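Listed below are the residues making up each chain.
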Amino acid sequence: MAAAPGPVQEALAALPLVDHHCHGAVTADLAPAEFAPLLTEGAAWPGVSPFDTPVGVAVRRHCAPLLDLPRHAPPDAYTARRTELGWQEVNRRFLTAAGAGAFLVDTGYTAHPLTSPAELAAASGALAREVVRLEQVAEEVAARGVEPDAYAQAFRGAAEEAVRRPGVVAVKSVAAYRTGFALDPARPSDAEVTRAARHWLAAGGRLTDPVLVRHLLWTAADLGLPLQLHTGFGDADLRLHRADPALLTDWLRLTSGTVPVLLLHCWPYHRQAAYLAAVFEQVYLDVGLALHHTGPARCRAVLEEALEITPFRKLLYSSDAYGVAEFHHLGALCFRQGLAELLQDRVESDELSLPDALRIAAWTGRDNARRLYGLPGPPVSEPARDPSGRPTRKV
């Protein structure tokens, strides 16, 4: 017989989460051959089904009942039921089951037709806000045509215009994919940017020039909004060893006091990210898609490692769900279950008081994000202030 839920589990189950980094859900019915690859950051290889992975098993166990299927339904039954219900109903069921109060949506990656933030909000009944991907802004500037010596100002102007759009609450960079973080941390000079822009604009393609990526990061630090940075786990386009957030140490030192920096996903470098959050005022982190990719069986371990030294006001929740709405739900389920188990165990071993555990649960699942992004809702407790009246922590 399953144990009765403890007070921390009950509190987290009722908490409207802020999913501070995710993507839209696909707006089309998916054939089995289209659905299965979206379960993995890799691909559907011959003889290797994405359903035969930790995340694939978790989907069949924890998502099947929301489609009126038995737990552990076989893949063919699962995909057939998705098609029978239609993508609108599938998205509605999983997005509402996530129990989120808000989704912050990265709109810069659209390899599939996806719900907009407004459509995600309509399907879920939650608030949705936009996160602007800066590499996309830079590539749009290049596509419109610009002289190399005018690129820096044109990009800055386009970025400033993008963040003034209604509903934008943050910016994001995928520098981890384009160059990695082993970059010169200094702000590049105008002459360096012009030279690099001349080469890039002549060659075309994605923004991968290290000087221009540095310029993008420094421009982000000037915009005044929280900056989200992909770190750690990603698809095969990434060179994982170059996505270690510890490589950002010198840049973080130089940009201290500018904007909050949100390290996304982080695994397997979540301990390095925790160190950075512990020593730099402006640094925060989540463990993102590692939650649903490890599944309920192991997500607690990832959260425990992330919380070894992370200040409790520095950890946020995100799903990084993309494409299949199952991941909006499964990420939330894993977060609630994993965090509740570890906090409840600490209460029972007298390492935490119950009020402290409940406060940590609310901070991590909702309030840290609401404070950083200025989201509406009941008042969020303010950080302590030093005798001069200045905040002792970046808000």
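Residues numbered from 1 in each chain as written. Predicted model: local features only at pLDDT ≥ 70, side-chain atom pairs only at ≥ 80, totals over all residues. Heavy atoms only, no water.

Draft legend 1. Structural view of the overall build of the protein. Across its full length, the protein carries 17 helices and 7 strands. Taken over C-alpha atoms, the radius of gyration comes to 21 Å for the protein, in line with the 21 Å a tight globule of 395 residues would show. Each principal axis of the C-alpha distribution contributes one length, and for the protein these read about 70 × 55 × 35 Å. Counting only residues that meet the buried cut, the protein has 54% of its 395 residues in that class. Here the analysis covers contacts within the protein between residues at least 6 apart in sequence; of these, 75% occur between residues at least 24 apart. When the accessible surface of the protein is summed, it comes to about 16400 Å², and 54% of that surface belongs to carbon and sulfur atoms. Here the protein carries 38 positive and 45 negative side-chain charges, and the mean point of each set is 3 Å from the other. (Helix = DSSP H or I, 4+ residues; strand = E, 2+ residues; numbered from the N terminus. Rg over C-alpha atoms; globule rule 2.2 N^0.38 Å. Buried < 20%, exposed > 50% of the residue type's maximum accessible area, 1.4 Å probe, protein only. Contact = heavy atoms within 4.5 Å. Areas by Shrake-Rupley, 256 points an atom, 1.4 Å probe, with all protein chains shown as cover. Lys, Arg positive; Asp, Glu negative; His and termini not counted. Charge placed at Lys NZ, Arg CZ, Asp CG, Glu CD.)

Draft legend 2. Quick look at the pairing of strand S3 (residues 127-133). Counting buried residues along S3, 5 of its 7 residues qualify, which places the element largely inside the surrounding structure. For strand S2 (residues 100-106) and S3, the ladder comprises 5 bridges, and the chain directions are parallel. What sits directly across from Val 105, in S3, is Glu 130. Taken together, S2, helix H6 (residues 117-124) and S3 form a β-α-β motif whose crossover is right-handed. Summarising the sheet, S3 and strand S4 (residues 168-173) pair through 4 bridges and their orientation is parallel. Bridge pairing in S4 links Arg 133 to Lys 172. (Pairing = 2+ DSSP bridges. Right-handed = clockwise from strand over helix to strand, strands pointing away.)

Draft legend 3. Structural context of the nonpolar core. By size, the foremost hydrophobic cluster in this structure holds 113 residues, and its most contacted members are Tyr 78, Phe 103, Leu 134, Tyr 151, Trp 251, Leu 263 and Leu 343. Grouped together as the second largest cluster of nonpolar side chains are 13 residues, Val 18, Val 131, Leu 316 and Leu 372 included. (Core = buried A, V, L, I, M, F, W, Y, C linked by side-chain atoms within 4.5 Å.)

Draft legend 4. Up close: the packing of helix H8 (residues 151-163) against helix H11 (residues 210-223). At their nearest, the axes of H8 and H11 sit 11 Å apart, and the two run at 40° to each other. What the angle tells us is that H8 and H11 run oblique. As for how H8 packs across H11, the hand of that crossing is right-handed. Between H8 and H11, the contacting residues are Tyr 151, Ala 152, Phe 155, Arg 156, Ala 159, Glu 160 and Val 163 on the first element and Leu 212, His 215, Leu 216, Thr 219, Asp 222 and Leu 223 on the second. Class assignment for the residues of the contact of H8 with H11 results in 8 nonpolar, 2 polar and 3 charged. (Axes fitted to C-alpha atoms, helices over the stretch in contact; angles between N-to-C directions. Parallel < 35°, antiparallel > 145°, perpendicular 65-115°, else oblique. Left-handed = near helix turned anticlockwise from the far one by under 90°. Nonpolar A, V, L, I, M, F, W, Y, C, P; charged D, E, K, R; others polar.)

Draft legend 5. Structural detail: the packing of aromatic side chains. In this structure the tally under the stated criterion is 9 aromatic pairs. Between Tyr 109 and Tyr 322, the aromatic rings sit 5.1 Å apart at their centres with planes inclined by 45°, giving tilted as the arrangement. Here the residue Tyr 109 occupies a position in the loop between S2 and H6, and Tyr 322 occupies one in the loop between helix H15 (299-306) and helix H16 (326-348), the gap between them amounting to 213 residues. Classification of Tyr 322 by relative accessible area gives buried; the value is 12%. (Phe/Tyr/Trp six-rings, centres within 6.5 Å; stacked < 30°, edge-to-face > 60°.)

Draft legend 6. Expanded view of the pairing of strand S5 (residues 227-231). Across the 5 residues of S5, 5 count as buried, placing the element largely inside the fold. Going residue by residue along S5, you find Leu 227, Leu 229 and Thr 231 tucked away on one face and Gln 228 and His 230 tucked away on the opposite face as well. Strand direction decides the pairing type here: S4 and S5, joined by 3 bridges, are parallel. Residue Lys 172 lies in a different strand from S5, and its bridge partner there is Gln 228. Bridging between S5 and strand S6 (residues 261-265) involves 5 bridges; their strand directions are parallel. Within S6, the residue paired with Leu 229 across the bridge is Leu 263.

Draft legend 7. Spatial organisation of the confidence of the model for the protein. Per-chain confidence: the protein averages 93 in pLDDT, with 94% of residues scoring 70 or above. Low confidence marks residues 382-395, where pLDDT is under 50. Its contacts with residues over four positions away, or in another chain, come to 27 contacts. (pLDDT = per-residue confidence, 0-100.)

Draft legend 8. Inspection of H16 at higher detail. Between the first and last C-alpha of H16 there are 33 Å, a value that for 23 residues agrees with the 33 Å anticipated at 1.5 Å per step. Counting buried residues along H16, 17 of its 23 residues qualify, which places the element largely inside the surrounding structure. Asp 350 occupies a position one or two residues after H16 and carries a positive phi of about 65°. (Expected span 1.5 Å × (residues − 1).)

Draft legend 9. Fine view of the environment of Arg 271. On the secondary structure map, Arg 271 appears in helix H13 (residues 270-279). Each C-alpha atom, one on Arg 271 and one on Ala 197, is 36 Å from the other, the two residues being 74 residues apart in sequence. When sequence neighbours within four positions are dropped, the list of residues in contact with Arg 271 reads Glu 305 and Glu 308. There is a polar contact of 2.7 Å between the side chain of Arg 271 and the side chain of Glu 308. (Polar contact = N/O pair within 3.5 Å; in protein donor to acceptor, adjacent residues only side chain to side chain.)

Draft legend 10. How the structure looks around the sheet that holds S5. Read across the open sheet, the 7 strands follow the order S1-S2-S3-S4-S5-S6-S7; overall the sheet is parallel. Strands at the two margins of the open sheet, each flanked by one partner only, are strand S1 (17-22) and strand S7 (283-285). When strand polarity is set aside, the average angle formed by the axes of neighbouring strands in this sheet is 25°.

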